[in-house]
Every structure is written in C-alpha cells, then in structure tokens.
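Below, each chain spelled out in residue letters.
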Amino acid sequence: MSEGKFKTSICCIGAGYVGGPTMVTIAKFCPDIKVHVVDINPKQIARWNSDKLPIYEPGLDEAVKEVRGKNLFFSTKIDEAICECEIIFVSVNTPTKTYGVGAGRAADLKNWELAARNIAKVANGPKIIVEKSTLPVRTAHSMRKVLMANDRNISFEVLSNPEFLAEGTAMDDLAKPDRVLIGGLTTKEGQKAVRKLCDVYEHWVPKENVITTNLWSSELSKLVANAFLAQRISSINSISELCEATGADVQEVSRAIGKDTRIGKRFLNASVGFGGSCFQKDILNLVYLCESFGLREVAEYWDQVVKINDHQKLRFARKMIRSMFNTISGKKIVLFGFAFKKDTGDTRETASVYVAKHLLAERAKVSIYDPKVEEEQIKEDFEYYEALTPGCEFKECVTIETDPYAAVKDAHAIAIMTEWDEFKDYDYKKMFDSMAKPAFIFDGRLILDHKKLLKVGFEVYAIGKPYGVKYQNMDDLKSD
C-alpha cells in the first residue's frame, strides 16, 4: 500500500516487551494503518531492524519479517512520529520505585511523565494518547493535566488500554485476545477517541470482545487481573509446603480442586515461585494504592501474596542446602533455566537469581544453563538484583554454560528453575554418571519423571511432593 493510501498513522513510544509485539500485531492485521515504533535507545531499535530481535517470543520473528518496511517502521525519530501520528501509544517502563515516598511499592512514573511532556511539547495538532504501560489508578487524570498544560491550545484525549499478555504466548494472545479493554472519559470527545481505538482493534477482534469502560475502571482492571493470577500461584504454592509436611501430593490436590468449575485448573501449578515484570510490580502497586487510601487490611491481604512468593523461593534454596547435608560450600550446583518462564528470554524477577543468591551466600559454585537467555543478560541481573556475595566476582562463583551435559560434569546437584520443554527430554542417566555422588536433583517446576530419576540413582526433591515424609500413603500406617 502506498504512503498516501494509509487510512491513518499510529505510533508507540517504547520498543519493549509490550510495545514491540503489540505494534507488530496491529501492523499485521491492519495493512491500511501505518505503524511506527520509536525508542530513545538506538541499540534497541537497531535490533528490531535486524535479524536478531531484542526479545524472544514464539511467532514474533515471522510476524516482524512479514510487515517490517511495509507498514511497520522502527526508528529513534520520536518527535517526527508524534507529529505524524493521530494515535500515540505510550509503553515505557514503569518500574517499582527504589527511592523516596512509596519506595519498594509505588510505580515510578518518571518515564511516563517525560513522554507526556515531550508529546505536549512537539505535538502539531490534537492527539489521542493511549496508556499501554501498567499505571496506578487515576494516572490518566494526572497525565491529561500535563498534556493540556501546553501553551498552544492543542487538545488531547487520554485512553487506557492495558495489555493482558502472557510472555511465551504473547503473539497468540494478541491475535486472539480474550478481551481488549479500552477506558476513556465519558465526554463526547472522550467517547469519540474510544471509538477510534475500537476501530483499530476491530480489524481482527470480534466486537463483543472489545470492552469499553471509564478510565479508572480500565486502569484498575489491569492491576486486579495480575493480582488475582498471582494470588492463585501463591495459594497453590502455600499448599505445596503443607503437602510436603503431610504426605499429600500437590499435583493430585491441584487436579482435584481444578475439576471444580467454580475454581478451574488454570494457574494451579505449584512451582519455585512466579517472576516476570508484572505480577510483583502490580501487586506492590496495588498495595501502595490501598495504603494511600487508608485501606490497611486490604493492603495487608494483597501484600501477603508477594510474601508467600518470596518465602517459596527461600525455602526451595533452604531445602537444597538441608538435603545436601547442610553444607554446600565449594559444591557445584547447576541451575537449569534462568528465564522466569519457558518460551521467553525475559529474566525480570526470575526465581533463578534469588535462589542463586541464597546458594552463593553459602559459598556454592553456581553454573547456569538456559537455551535462550544470553550471558550478558545473566550478568546484568546478578548485578541489578545484588545476587553476588560481597567481595565475590561473578567469574569466580558463577559459570554460564552453553551445553547442559557439560554443565553437570562433576556437579553435586541440578535444580530445575524454568519449565523449558527440552529439560524433560535429557538423558539423565548420562548426566548422573558424570556427576559427583550422591547426585541430587531438585525439581522446582514439576516437569520431570521422578520415578525414573530415582531408578537412575538420583536423590530427588520436588515442590509439593511427599518425598521423605514418614507416611507417604495409608498403607504405611499399617506397619507403624
């Protein structure tokens, strides 16, 4: 389609995990719309324009190649894109604050406000601004004030359009979403802006799946959705500890309660803990929001979801230490997986870095193998999360491996930290033969065949399994 035949132009400020795939999908399903993805980071943009994209997501590479250079363009020309486009998505990073009021809980909105101020400064006419970042309730109100403070009488409409993507299935989630949520003001101009954004999504999303609300409901719905999902994970993880103490099997419990249609089976897989950029950040944001409105009991309720998640990671590491005779100093422990979940290269809040931190504090030697995460990213995470023991250099205590079989040579233990499918298919007999004895395996994702591992000779521990409990089944009681 030639330049003059595009129905409209839209852009996204921020070329990360949300902005990139979202704009790729819009370009794919809307050939009559010209799509710009802009970012201040030239290295990020260079990778989007290369054969090695900055993020890994199944189906993303093929989709980019299909539309890049046709109606999808990546650049650092932010001001030009703002001037050209009618609809501007803002998908910049909003991490948890590490300073000042609300540190450790509130979202840091510095990047969002800087983007809004720049839009107000360079815009050449009325614009529709779309919140794509996860933001606290009523942020749109604040941003609208910033935008409308321009001295050229340019009008702006601010919409909330939160993402509900799961990394690893993001492209499928975008192509066939359960729902698209769009919040806007109830004014005539606000509803007109809502309609324009609905028109974009209705190129491929059935109208009944495009939900419109007021701004505040849309902003809060994103936080609540992630809080509810994380709550389910922490709930089953809390039960996994009880299962280990009593002789129950968490997978059997999960299957039993999941058959209840009122509960359902999704997000009931016990694990070493949830990670990713959204769950913890959004819950802490929700906690801070409740505290700000004086809702102490509500804040404490949701804060417990994060506390259980932290506890699960800590007790997994402690179980490893106790199982290995309460000393792991100088022992080689291999972590299989560093991404926070399979089918993504994202490592934000990954359980692996926290477990590694606990192991390194006991002077273990940690080796890491992940099929997608690059060595440089792992090094950055160890620095960012302060996982290294003071006085210990990365290269002295952590080794990054590119071959899983080489990684386990002379190791005392393997810990499954990410549920990559390939981990299920390894020749664990071959691995066992090359390891120090006794050889331990700790399944933090419940993906391995534990009976086979026991036959091979491994000492096996798995989240929520009754291994080592005195009464593993009712028959054991008869001989007591």
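As shown above, the structure is provided for reference.
These numbers come from a predicted model, not from an experiment.

## A short note on a positive patch on the surface
A cluster of basic residues, Arg255, Lys259, Lys265 and Arg266, forms a positive patch on the protein surface. Locating arginine 255 in the fold gives a position in helix α10 (residues 250-258).

## Focus on the sheet that holds strand β9 (residues 332-336)
The strand order across the open sheet formed by six strands is β11-β10-β9-β12-β13-β14, and the pairing between neighbours is parallel. The open sheet has two free edges, formed respectively by β11 (398-401) and β14 (459-462), since each of these has just one partner strand. Sheet twist, expressed as the average angle between the axes of neighbouring strands with direction ignored, equals 20°. Bridge count for strand β10 (residues 365-369) against β11 is four bridges, and the pairing is parallel. Across the sheet, isoleucine 368 pairs through a bridge with isoleucine 400, a residue of β11. Contacting β9, β10 and β11, helix α13 (residues 351-361) runs over the sheet at an angle of about 175° to β9.

## Comments concerning the pairing of strand β1 (residues 8-13)
Burial within β1 is extensive, with six of its six residues counted as buried. Judged by which residues are buried, β1 turns out to be covered on both faces: Thr8, Ile10 and Cys12 on one side and Ser9, Cys11 and Ile13 on the other are all buried. Sheet topology note: the β1/strand β2 (residues 33-38) ladder contains six bridges and is parallel. By the bridge assignment, isoleucine 13 is partnered in β2 with valine 38. For the handedness criterion, the β-α-β arrangement of β1, helix α1 (residues 19-29) and β2 is classed as right-handed. Of the strand pairs in this sheet, β1 and strand β4 (residues 87-90) are connected by four bridges, and their pairing is parallel. Each bridged residue has a counterpart across the sheet, and for isoleucine 10 the counterpart in β4 is isoleucine 87.

About the criteria used
Residues numbered from 1 in each chain as written. Predicted model: local features only at pLDDT ≥ 70, side-chain atom pairs only at ≥ 80, totals over all residues. Heavy atoms only, no water. Patch = residues over 30% accessible without salt bridge, like charges linked within 9 Å, V, L, I, M, F, W, Y side chains within 5 Å. Areas by Shrake-Rupley, 256 points an atom, 1.4 Å probe, with all protein chains shown as cover. Salt bridge = Lys/Arg side-chain N within 4 Å of Asp/Glu carboxyl O. Lys, Arg positive; Asp, Glu negative; His and termini not counted. Charge placed at Lys NZ, Arg CZ, Asp CG, Glu CD. Helix = DSSP H or I, 4+ residues; strand = E, 2+ residues; numbered from the N terminus. Pairing = 2+ DSSP bridges. Axes fitted to C-alpha atoms, helices over the stretch in contact; angles between N-to-C directions. Contact = heavy atoms within 4.5 Å. Buried < 20%, exposed > 50% of the residue type's maximum accessible area, 1.4 Å probe, protein only. Right-handed = clockwise from strand over helix to strand, strands pointing away.

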